[in-house]
Amino acid sequence: MKRRIFALALAMVMLLGIGLTGCTKKEAPAAVKEPQVLTLNIGQEISTLDFQKCSSTTEIQFYNWIMEGLTRSAGKGAVKPGIAEKWEVTPDGLVWTFHLRDAKWTDGKPVTAENFAYGAFRAIDPKEPKDYAYFLFDIVGAEDYAAGKATKDQVGVKVLDEKTIQYTLKQPVSFFDYLASFPTFAAARQDIIERDGQKYNTEANIFVSNGPFKLSGWTHNSEMIFEKNADYWDAASIKLDKIVGLMITEDSTEFNMYEAGELDTTVALDSEQKAALTKGSVFNYVDGSVWFFDYNTTDPVLKNKNIRKALTFAIDRQSFITNVAKAPWKPATAFVQPDVIPDADGKPFRDKKPEYFKDNDVETAKALLAQGMTELGIKEMPKIKLLCNDAAKSQLYAQAFQEMWKKNLGIDAEIEPVPGAQRIERQHKHDFQVSLAGWGPDYPDPMTDLDLYVTGAGNNDPAYSNPEYDALIKAAKAEPDKAKKFEMMHKAEDILMEDMPIGPLYFRARNYAVREYVKGYTRDSFAPDMNPIYAWIEGRTTK
């Protein structure tokens, strides 16, 4: 999924093993009597809650709070039944049939197979391309339909009856049930979308959903209120009555509010804040994300791969992690994440080739810069513009990279801080030179990373294009032999790192603190990261 990460969050403390989930999970008591209200930080205002358009981490988290897909993430890369109470797959892995349970929208209408079919065709609508449309391209005819080359009846999405929907694939996709939990596959109400038009899902008072919670309040740029949906099919498992999401952009403010009892959990924990913590307990987990420079390959200077390599190699990642981020992250000298993405044999994908370049390789960076300038026919490097989020920590990180480029390469850089939603919008429009960006895995397969950079893909912000790379990704998706498939994906990463449309910086783990009275709250390496759905409050004496 493109799971776009809105902000450069603070570093956390430990990197854990494959798929490990940090949590405070316990079995909920049969009866909960005290007020069930959880207050947490949800960061900056999101870009959209039009589910077929969702692409940021926060948007996908909200989807899982207020909506239910055919399936639902169960953590650690697993899924469980959602609106679909069961499903079956043909022996050849090509036909997936989902059977819906009795479920309601918050306006009382039943959730139907037609709602899911309408959502699927909306996701691949050629008149309005969606970032995650490619999630459906394994379905017969879907990619051609999105390109305006096929009709609806040629697409392998069929409503068999009111409670049965069937998807026919071009090739087997073992994790298709996981994809079905994603917002791009969401059920959608044609009547609501046509009624609300451009206002669709933009205000709480017109919001219609089908999940564990419903959106009852939305003060833009301030807070969102999520209340328990009494009509949710599994409402008996939901103990919280309300989630209060505050939009806090500065980590210091979040930490202070947590310490003051105004928040029940926080991820604002660098090493200094962790040491100063006095409330609750600290948990840690690998969030699965990789952070990097996005390079706009259509830029007159950054179209040169040796310039891109020079900018990448000139960064001292370990110094940045130790002295600026103050967190034990891992320097990233490759793209696919370690720890959470497996290879064909179940071992980490990253084990086969741990790195593609050396950290802080200034001499090589200088040579590449000189070569790139010669190839471009320029004698002096122009100033580079570095796009980042406008949160204080994000700007601090950008300043560190700015200084390294100046010190190691003599390149001047201008920092462009903007709100997270604006950064993502500009990246999608290729309206930048270099951007600080991050990506977290949507499902436990290297393809969650590698198909981002296929020519024309919705999340291909660098506008990268390489026919050899495209062919490998296409062949890997169609390859039934697992070992051969993964070998193709390794070769694709080789090409990506040789061309370097992105410059890897670090792999992130996170610490978070939770007050002692919060039970059942979890975080995970795969979307959705933050999961308070099954949490409850027990033993709170003061807020």
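Everything below is about the structure printed above this text.
Let me begin by describing the structure that accompanies this report.

1. A look at helix 12 (residues 420-428)
- Buried residues of helix 12: Gly420, Ala421, Arg423, Ile424, Arg426 and Gln427, and no others.
- His430 lies just past helix 12 and shows a positive phi near 60°.

2. Topic: the sheet that holds strand 11 (residues 223-228)
- The strand order across the open sheet built from four strands is 3-12-11-10, with neighbouring strands paired in mixed fashion. Of all the strands in the sheet, the pair left with one neighbour each is strand 3 (37-41) and strand 10 (213-219). Each strand of the sheet is rotated relative to its neighbour by a mean of 20°, with strand direction disregarded.
- Taken together, the five bridges between strand 11 and strand 12 (residues 242-246) define a ladder with antiparallel strand orientation. Opposite Glu223, over in strand 12, you have Leu246 as the bridge partner.

3. Observations concerning the pattern of salt bridges
- Under the defined criterion, the tally for this structure stands at 29 salt bridges.
- Across the pair Asp50 and Arg122 runs a salt bridge whose closest N-O atoms are separated by 2.6 Å. Of this pair, Asp50 sits in the loop between strand 3 and helix 1 (57-66) while Arg122 sits in helix 2 (residues 113-123); the two residues are 72 residues apart in sequence, bridging distant segments of the chain. There is no split in this pair, since Asp50 and Arg122 are both buried.

4. Describing the nonpolar core
- Counting residues in each nonpolar core, the largest one holds 156 residues, and the members touching the most others are Phe320, Phe335 and Trp405.
- Contacts of Phe320, omitting those with residues within four sequence positions, involve Ala325, Lys326, Trp329, Tyr397, Ala400, Phe401, Met404 and Tyr506.
- Listed in part, the twelve residues of the second largest apolar core include Ile225, Ala268, Leu277 and Ala513.

5. What about the pairing of strand 6 (residues 84-89)?
- Bridging between strand 6 and strand 7 (residues 95-100) involves five bridges; their strand directions are antiparallel. Along strand 7, the bridge assignment pairs Lys86 with His99.
- Counting the residues between successive antiparallel strands, the hairpin from strand 6 to strand 7 contains five residues, one of them, Gly93, with a positive phi of roughly 75°.

6. Describing the packing of aromatic side chains
- In total, this model carries 39 aromatic pairs according to the counting rule given.
- Both rings, one in Phe176 and one in Phe185, keep their centres 5.6 Å apart while their planes meet at 85°; by these two values the pair is edge-to-face.
- According to the relative accessible area criterion, Phe176 is buried, its value standing at 0%.
- Their ring planes at 80° and their centres at 5.8 Å tell us that Tyr285 and Tyr512 sit as a pair that is edge-to-face. In this pair, Tyr285 is assigned in strand 14 (residues 281-295) and Tyr512 in strand 19 (residues 502-514), connecting sequence segments 227 residues apart. Across this residue pair, the class does not change: Tyr285 and Tyr512 are buried.
- Positioned above the aromatic ring of Trp233 is the side chain of Arg101, whose terminal nitrogen or guanidinium carbon lies 3.5 Å from the ring centre.
- Sitting over the face of the ring of Phe121, Lys152 holds its NZ or CZ atom 5.1 Å from the ring centroid.

About the cut-offs
Residues numbered from 1 in each chain as written. Predicted model: local features only at pLDDT ≥ 70, side-chain atom pairs only at ≥ 80, totals over all residues. Heavy atoms only, no water. Buried < 20%, exposed > 50% of the residue type's maximum accessible area, 1.4 Å probe, protein only. Helix = DSSP H or I, 4+ residues; strand = E, 2+ residues; numbered from the N terminus. Pairing = 2+ DSSP bridges. Axes fitted to C-alpha atoms, helices over the stretch in contact; angles between N-to-C directions. Salt bridge = Lys/Arg side-chain N within 4 Å of Asp/Glu carboxyl O. Core = buried A, V, L, I, M, F, W, Y, C linked by side-chain atoms within 4.5 Å. Contact = heavy atoms within 4.5 Å. Phe/Tyr/Trp six-rings, centres within 6.5 Å; stacked < 30°, edge-to-face > 60°. Lys NZ or Arg CZ within 6 Å of the ring centre and 35° of its normal.

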